[in-house]
Amino acid sequence: MDRTDCASRVIAAPPATVYGALLDRESLEAWLPPDGMRGRVERWDPRPGGGFRMVLTYLNPAGSPGKTSDATDVVDVGFADLVSPKRVVQRAVFESDDPAYAGTMTMTWHLAAAGDGTEVTVTVTDVPAGIDQAVHEAGIASSLANLASYVEGTL
């Protein structure tokens, strides 16, 4: 598990606005699920040492079996580091009986001012072997696009 996946995007919103969307339960439910999924937060504690549990449900699970069940991915996420408005570090563990999805991956969300917006770079380390790299990076890019639409629409 030494693979690193990443994606980035410039979002037309200030870093503080983007950071706020990373740490707001309703916002996260709205933008984090990539295309083809919906998400529900079951537990929420937005502080270092806290975290959340999210259930991601495939809208059409045919051909894309979930990690937890045929139609779901359940992930427990801990907040390892929160530096407003620059960085959010999460440690994510999928609920799965399949050893290909075992382990803790670290997701670091870097926020940097870029003109009138924010460059958001997501770097994921220790990605479990069962997660296809191209699919994962496309999912991260989809979440970033959703985040952009979400915060740009609420300014």
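- Taken verbatim from the UniProt record of the protein, the Sequence similarities (unreviewed entry) comment is "Belongs to the AHA1 family."

## Some words on helix α1 (residues 15–22)
- For α1, the set of buried residues is Pro 15, Val 18, Tyr 19, Ala 21 and Leu 22. Projected down its long axis, α1 shows its buried positions confined to an angular sector of 160 degrees, all on one face.

## Things to note about the packing of aromatic side chains
- Applying the stated criterion across every chain, the model contains 4 aromatic pairs.
- The interplanar angle of 80 degrees and the centroid separation of 5.5 Å between the aromatic rings of Trp 31 and Trp 109 together place this pair among those described as edge-to-face. Highlighted residues: Trp 31 in helix α2 (residues 25–31) and Trp 109 in strand β6 (residues 105–114), separated in sequence by 78 residues.
- Overall, the relative accessible area of 0% leaves Trp 31 in the buried class.
- Residue Trp 109 is classed as buried on the basis of its relative accessible area of 2%.
- Geometrically, the ring pair formed by Trp 44 and Phe 52 is tilted, given 5.5 Å between the ring centres and 45 degrees between the ring planes.
- Lying over the aromatic face of Phe 94, Lys 67 brings its terminal NZ or CZ to 5.0 Å of the ring centre.

Rules used in this analysis
- Residues numbered from 1 in each chain as written.
- Predicted model: local features only at pLDDT ≥ 70, side-chain atom pairs only at ≥ 80, totals over all residues.
- Heavy atoms only, no water.
- UniProt positions renumbered as here; feature names shortened; annotations may be inferred.
- Buried < 20%, exposed > 50% of the residue type's maximum accessible area, 1.4 Å probe, protein only.
- Helix = DSSP H or I, 4+ residues; strand = E, 2+ residues; numbered from the N terminus.
- Arc of directions from axis to C-beta.
- Phe/Tyr/Trp six-rings, centres within 6.5 Å; stacked < 30°, edge-to-face > 60°.
- Lys NZ or Arg CZ within 6 Å of the ring centre and 35° of its normal.

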